[in-house]
Amino acid sequence: MQYEDILNHIGPFGKYQKLLVFALFLVIIPPPFHFIGQVFLAANTDHWCAVPASQMINCSQLQLAECQEEQKSYSIPYEIDDDGNKVYSSCERYVMNDEDVGRNMSFNSTDVISCDAGWKFDHSRYKSTINEDFSLVCDRQDLPAYAQSVWFAGLMVGSFVWGSVGDWIGRRKTFILTVILVTISSTVTSFVPNFTAYTAMRFFTAACAYGIYLMIYVLASEIVGPKNRVGATTVLFLAFAVGYMILSLLAFLLKEWRHLQLAISLPFVLTFLVIIVFPESPRWLITKGRYKEATKIIEKIAKVNGTEAPEDLLDKLSEDSKEDKKQPSRIPVTQLDLIRTPNLRKKTLILWVDWFVVNMVYYGLSLSTSALGVDDYLAAFVSGAIEIPSNLFCWYVMNRFGRRITLVAFYIFGGVFCLITIFIPLGAARAAVALLGKFAISAAFSHIYIYSLEIYPTIIRSIGIGTSSMVARVSGILCPIILILGKYWKPLPLCVFGGSAIIAGVLSLMLPETMGYSLPDTIQDGENFGKGRSFQLCVKGNDDGENESPTQAPIDYLPLSTMDQTPKQPVDV
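Residues numbered from 1 in each chain as written. Predicted model: local features only at pLDDT ≥ 70, side-chain atom pairs only at ≥ 80, totals over all residues. Heavy atoms only, no water.

K.L.:
Would you take a moment to explain the packing of helix α7 (residues 143-169) against helix α8 (residues 171-189) for this structure?
P.N.:
When two helices pack together, their arrangement is given by the angle between the helix axes and the distance between those axes. Between α7 and α8, the least distance of the axes is 7 Å, while the angle of their chain directions is 135°. On the basis of their axis angle, the class for α7 and α8 is oblique. Here α7 contributes Trp162, Val165, Gly166, Asp167 and Ile169 to the contact with α8, which in turn contributes Arg171, Lys173, Thr174, Leu177, Thr178 and Leu181. When the residues that make up the contact of α7 with α8 are grouped by side-chain class, the tally is five nonpolar, three polar and three charged. (Axes fitted to C-alpha atoms, helices over the stretch in contact; angles between N-to-C directions. Helix = DSSP H or I, 4+ residues; strand = E, 2+ residues; numbered from the N terminus. Parallel < 35°, antiparallel > 145°, perpendicular 65-115°, else oblique. Contact = heavy atoms within 4.5 Å. Nonpolar A, V, L, I, M, F, W, Y, C, P; charged D, E, K, R; others polar.)

K.L.:
When you look at the environment of Pro144 in this model, what are you seeing that I'm missing?
P.N.:
Relative to the elements of secondary structure, Pro144 occurs in helix α7. Residues Pro144 and Ala42, 102 residues apart in the sequence, show an inter-C-alpha distance of 6.5 Å. Leave out the neighbours within four places in its chain, and Pro144 touches Gln38, Ala42, Asn131, Leu136 and Phe195.

K.L.:
Is there a simple way to think about α7 in this case?
P.N.:
With 27 residues, α7 extends 38 Å from end C-alpha to end C-alpha; this agrees with the ideal 39 Å at 1.5 Å per step. Of all the bends in α7, the greatest measures close to 25° and is centred on Gly158. Just past α7, the residue Gly170 takes up positive phi, approximately 105°. (Expected span 1.5 Å × (residues − 1). Bend = angle between axes of the 7 residues up to and from the residue.)

K.L.:
I'm lost on the pattern of salt bridges in this one. Help?
P.N.:
Any two side chains of opposite charge can pair, on the condition that their charged atoms come close. Taken as a whole and assessed by the stated rule, the structure comprises nine salt bridges. Among the salt bridges present, the one from Asp375 reaches Arg125, with a minimum N-O distance of 2.6 Å. Here Asp375 is found in the loop between α16 (342-366) and α17 (376-385), whereas its partner Arg125 is found in the loop between β6 (119-121) and α6 (130-133), with 250 residues between them in sequence. Overall, Arg125 belongs to the partly exposed group, its relative accessible area being 34%. (Salt bridge = Lys/Arg side-chain N within 4 Å of Asp/Glu carboxyl O. Buried < 20%, exposed > 50% of the residue type's maximum accessible area, 1.4 Å probe, protein only.)

K.L.:
What should I look at first to understand the packing of aromatic side chains in this one?
P.N.:
Across all of its chains, the model carries 24 aromatic pairs by this definition. Ring geometry for Phe35 versus Phe240: centroids 5.8 Å apart, planes at 75°, classification edge-to-face. Here Phe35 is found in helix α3 (residues 31-36), whereas its partner Phe240 is found in helix α10 (residues 229-253), with 205 residues between them in sequence. Taking 5.5 Å as the distance between ring centres and 65° as the angle between the ring planes, the aromatic pair formed by Tyr78 and Tyr88 counts as edge-to-face. Of this pair, Tyr78 sits in strand β2 (residues 78-80) while Tyr88 sits in strand β3 (residues 86-88), and the two are 10 residues apart along the sequence. Every member of this aromatic cluster is reached through a ring pair, and the members are Phe35, Trp151, Phe152, Tyr213, Tyr217, Phe237, Phe240, Trp355, Tyr362, Tyr363, Phe445 and Tyr449. (Phe/Tyr/Trp six-rings, centres within 6.5 Å; stacked < 30°, edge-to-face > 60°.)

K.L.:
What am I meant to see in unusual backbone geometry here?
P.N.:
Leave glycine aside and you will find that most residues have negative phi; peptide bonds, for their part, are mostly trans. Positive phi values are uncommon outside glycine, yet Cys138 reaches one of about 60°. Among the secondary structure elements, Cys138 is positioned in the loop between α6 and α7. On the basis of relative accessible area, Cys138 is assigned to the buried category, the value being 13%. With a phi close to 50°, Asp312 is a non-glycine residue in the positive phi region. Position of Asp312 relative to the elements: it lies in the loop between α14 (291-305) and α15 (313-326). The exposure class assigned to Asp312 is exposed, which follows from its relative accessible area of 53%.

K.L.:
I keep staring at a negative patch on the surface and nothing clicks. Help me out?
P.N.:
Taken together, the side chains of Glu308, Glu311, Asp312, Asp315 and Glu319 define an acidic patch exposed on the protein surface. Relative to the helices and strands, Glu311 resides in the loop between α14 and α15. With relative accessibility at 64%, the residue Glu311 sits in the exposed group. (Patch = residues over 30% accessible without salt bridge, like charges linked within 9 Å, V, L, I, M, F, W, Y side chains within 5 Å. Areas by Shrake-Rupley, 256 points an atom, 1.4 Å probe, with all protein chains shown as cover. Lys, Arg positive; Asp, Glu negative; His and termini not counted. Charge placed at Lys NZ, Arg CZ, Asp CG, Glu CD.)

K.L.:
Explanation requested: a nonpolar patch on the surface in the structure shown.
P.N.:
A cluster of nonpolar side chains, Tyr146, Val474, Leu478, Ile481, Leu485, Tyr488 and Trp489, forms an exposed patch at the surface whose accessible area comes to about 680 Å². The leading source of residues in the nonpolar patch is helix α21 (residues 461-485), at four residues. Its location among the elements puts Leu485 in helix α21. Classification of Leu485 by relative accessible area gives partly exposed; the value is 36%.

K.L.:
Is there a simple way to explain the confidence of the model for the chain in this structure?
P.N.:
In regions of low pLDDT, the predicted coordinates are not meant to be interpreted in detail. For the chain, mean pLDDT is 83; residues scoring 70 or higher make up 86% of the total. Within the model, pLDDT remains below 50 along residues 103-108, and this stretch shows 11 contacts once partners closer than five positions in the same chain are excluded. Here residues 540-573 scores under 50 on pLDDT; set against residues more than four positions off or in separate chains, the count is 127 contacts. (pLDDT = per-residue confidence, 0-100.)

K.L.:
Explain the state of the cysteines to me, please; I cannot follow it from the model alone.
P.N.:
By definition, a disulfide links two cysteine residues through a covalent bond between their sulfur atoms. This structure, assessed with the given rule, holds two disulfides. For Cys49, the disulfide goes to Cys115, at an S-S distance of 1.7 Å. The sign of the -70° torsion about the S-S bond sets the Cys49-Cys115 disulfide as left-handed. Within this pair, whereas Cys49 is found in strand β1 (residues 47-49), its partner Cys115 is found in the loop between β5 (112-114) and β6, the two being separated by 66 residues in sequence. Considered together, Cys49 and Cys115 belong to a single accessibility category, that of buried residues. A sulfur-sulfur separation of 2.1 Å characterises the disulfide bridge that pairs Cys91 with Cys138. In this structure the cystine formed by Cys91 and Cys138 twists about its S-S bond by roughly -105°; its chirality is therefore left-handed. Pair noted here: Cys91 is in the loop between β3 and β4 (92-94) and Cys138 is in the loop between α6 and α7, with a separation of 47 residues, a long-range link. Relative accessible area serves as the criterion here: at 28%, Cys91 is assigned to the partly exposed category. (Disulfide = S-S within 2.5 Å.)

Spelled out as structure tokens, the structure:
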């Protein structure tokens, strides 16, 4: 008996699955706090050199703001910008003796030194940031970006670890373990004494947070029926956008970074409530030969759905297991099978480029909202909110116009908007155009997960998704470094993001359309799939003249150790 038959019998998306997806939706909301949190934790604020106490001016007759301005005017070098405003140096001050206090030394003076007495920070927007607490300014100003690269390295390590752990001890135990570890590591981050400890704890949090994502997406795909998996996955994607928006509100209310870090860590405690209803995957139990436990969970699902489990299910599962053992063993597949044959190699390389680019551009735009010339909190909130219609729009056009042409459009439009942004002055107009680019790239991010599942043949589908996501993690590590290079030429990051998105869109024209076609199962199927129709724009049916849902093609069980955070396909049991 096939596992898909069991799901169809008990209800592929009944009351039980809907309640479970809702619970998983709530669990996914906190992790985005940490994915995007450094936008506020390491926010750039105005700063200037502090002067020794002996050289402070007497402010007894002045208001605080006036005193601060007077102190800066004679101790800090400045330039006059195009609008006639003073722009004070952030990293230098005038050389003065104690007897110079009270004189105005700012005019025609060239005798300056670097900030030897620390810095003063503008607290009008942020009460404290890691930049202030750990002195991450001037010659250390690039360290927060490197910390973000370390975060993405943590995600990469997590993808190696938690897939194997999930196969070994199960989805439920792995989920519980990762929630405990993330709760501890993210909370400890609020109290770290230095930047090294901060970066180390962020790395650990990223690695464990990845495990939460992986277990949630896999469990959802293994309990929800094939026709509903795309919809369920889209709903879970929306949770990331909701978390993004909530983060902006929390950052607006909590202006001190340690308070904010603690506030975005404590919600993980509420996640423990979901553990009560978080089941073990029946599919995983069946593959491990634990048929009694699997049968018990299937019967529970059927009861909540108002249906009944198949008769003599336990006996049927046991008999199928005996038959499977009589079948000849399958030749193992490896990552090399992705590039062994020419057509499959072409599609694999293009998908790797697509994953690399979409991850880089998405996080590049998300981490640079403060550079749009509008309020940081508003820009971040809108940037998260726009992902909700983006995901829903992606879901609609994929099923209406097909996969390939919509992905091409998302990439090209996203790239064009990034390039247009370069020529627009800071302000609301620039933010609006950049957000249109974010809309398109967010849609491409959701799109590429589903499209890749449909292109890779069944036998190497999990391996293909896993390697594609590894490539994306590399671009995540590089993304903050690209943003750093913007200090040498401001348009550089947007040029890289826009240009690479357009290139990815053009390359995607060489991918085959998958909607309406039976999906490939074997390596040979994957090699033949799409030959001669790479530039075909219309959507055709299968051999029977019907549009076949791509998510209905069966796939043999493959271990999570070869996967990334992407839903599995149906298996035979």
